[in-house]
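These are the residues of each chain, in order.
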Amino acid sequence: MPADTRTAPAAATVPARRTASPWVLMYHSVAEFTDPAEDPYGITVTPGTLEAQLLWLRSRGLRGVSVGELLRAHAAGRGAGLVGLTFDDGYTDYLTRALPLLRRHDCTSTLFVLPGRLGVDNVWDPLGPRKSLLTAEGIREVAAAGQEIGSHGLLHQDLTATADDILQQELRGSRELIRELTGTLPEGFCYPYGHLDERVVAATRAAGYGYACAIDPGRLAGPHALPRTHVSQADGAGRLRIKQLRHRVRELRRAVHR
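Described below are features of the structure shown in this document. For clarity, every value in this text was computed on a predicted model and none was experimentally measured.

Conventions used here
- Residues numbered from 1 in each chain as written.
- Predicted model: local features only at pLDDT ≥ 70, side-chain atom pairs only at ≥ 80, totals over all residues.
- Heavy atoms only, no water.
- Phe/Tyr/Trp six-rings, centres within 6.5 Å; stacked < 30°, edge-to-face > 60°.
- Helix = DSSP H or I, 4+ residues; strand = E, 2+ residues; numbered from the N terminus.
- Buried < 20%, exposed > 50% of the residue type's maximum accessible area, 1.4 Å probe, protein only.
- Arc of directions from axis to C-beta.
- Contact = heavy atoms within 4.5 Å.
- Polar contact = N/O pair within 3.5 Å; in protein donor to acceptor, adjacent residues only side chain to side chain.
- Pairing = 2+ DSSP bridges.
- Right-handed = clockwise from strand over helix to strand, strands pointing away.
- Salt bridge = Lys/Arg side-chain N within 4 Å of Asp/Glu carboxyl O.
- Core = buried A, V, L, I, M, F, W, Y, C linked by side-chain atoms within 4.5 Å.

1. Considering the packing of aromatic side chains
Working step 1: Per the stated rule, a full pass over the model turns up four aromatic pairs.
Working step 2: Measuring from ring centre to ring centre gives 5.1 Å for Tyr27 and Phe87, while their planes differ by 15°; the resulting arrangement is stacked. A residue pair is termed long-range when its members are at least 10 positions apart, and Tyr27 in strand 1 (residues 24–27) and Phe87 in strand 5 (residues 82–88) qualify at 60 residues. We note that Tyr27, like Phe87, is buried.

Now the structure itself:
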């Protein structure tokens, strides 16, 4: 998935030199649905599908972990056998549907939340469906369960279209609010809609984040613009294998052009 089609707990040690980006999977919501019309943006997987995907990873000798854990392992030369799991937006169903499965399969993940939209819904998705977002208590419960909490900004805005003062609020303001919620400054950031440019990446780095997740950042790829692979309800074993191979080819091409 080249870009988000919607309209507009310790510090990770990132290697100083540019290396191939590890494989990071991008999820959003985990909920039951039967009609594709209920998922117009392709961002929802059912609990059964998520479990099948976690089992597929295990069959390939892979275990899903948070991005912070993944980057620390790669920096120490211990990244083989690990894949990053990320969940964007901070939906309530992460706590009720995703977390029990992650625990069952000995996985961790990074949940990117919006502290400016606690307990409301995904108003930025004009086609719906409306999905509730975690409250402050829910976010604290996720953190207490050993999952990494990262920032997705305050309000899910396209940061490339914001003025500098708003950009700082989205980056620094959200980071401080998450510290108030969990007691820990988040190391990770995730660009809303996957939109980024040089100004936004530089500001994210300057705001103190150790890493940031994108979707397909192109030439900006690096610790503060990590590429990710979108995972959907349609991704069974065959499609996941193709996506894994595409990631490897993409990183080989990047290495050649560095």
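Once you've had a look at it, read on.
2. Describing helix 6 (residues 198–206)
Working step 1: Within helix 6 the residues assigned to the buried category are Val200, Val201, Ala203 and Thr204. The buried side chains of helix 6 occupy one side of the element, clustering within an arc of 165° when seen end-on.
Working step 2: Check the buried side of helix 6 and you find it contacts helix 5 (164–182), strand 8 (188–190) and strand 9 (211–213).
Working step 3: Where helix 6 starts, the residue carrying a side-chain oxygen 3.3 Å from the main-chain nitrogen of Arg199 turns out to be Asp197.

3. Describing the pairing of strand 5
Working step 1: For strand 5, a buried count of seven out of seven residues is recorded, marking the element as mostly surrounded by other parts of the structure.
Working step 2: Residue alternation in strand 5 divides its side chains into two sets, Leu82, Gly84, Thr86 and Asp88 and Val83, Leu85 and Phe87, and both sets are buried.
Working step 3: Two elements, strand 1 and strand 5, share four bridges in a ladder whose sense is parallel. By the bridge assignment for strand 5, Leu25 is matched with Leu85.
Working step 4: Where strand 4 (residues 63–65) lies against strand 5, three bridges are found, and the strand directions are parallel. If you follow Val65 over to strand 5, its bridge partner there is Gly84.
Working step 5: Assessed by its sense of winding, the connection that carries the chain from strand 4 through helix 2 (residues 67–75) to strand 5 is right-handed.
Working step 6: One crossover worth recording links strand 5 to the parallel strand 6 (residues 110–113) by way of helix 3 (residues 92–104), and it is right-handed.

4. Digging into the pattern of salt bridges
Working step 1: In this structure the tally under the stated criterion is 13 salt bridges.
Working step 2: The partner of Arg228 in a salt bridge is Asp88, and the shortest N-O contact between them spans 2.8 Å. Taken together, the residues span a long stretch of sequence, with Arg228 in the loop between strand 9 and strand 10 (229–230) and Asp88 in strand 5 at a distance of 140 residues. Each member of the pair, Arg228 as well as Asp88, is classed as buried.
Working step 3: A cluster of three or more residues bridged by salt bridges with shared partners is formed by Asp216, Arg250, Glu251 and Arg254.

5. A short note on the nonpolar core
Working step 1: Leu50, Leu57, Leu85 and Phe87 are the most contacted members of the largest nonpolar core, which totals 31 residues.
Working step 2: Of all elements in the fold, only strand 1, helix 1 (47–59), strand 5, helix 3, strand 6, helix 4 (136–144) and helix 5 reach the threshold of two or more residues within this core.
Working step 3: Residue contributions to this core peak at six residues, all from helix 3.
Working step 4: Not counting chain neighbours up to four residues away, the residues in contact with Leu57 comprise Trp23, Leu25, Leu62, Val83 and Leu85.

This is a description of form; function is not addressed.
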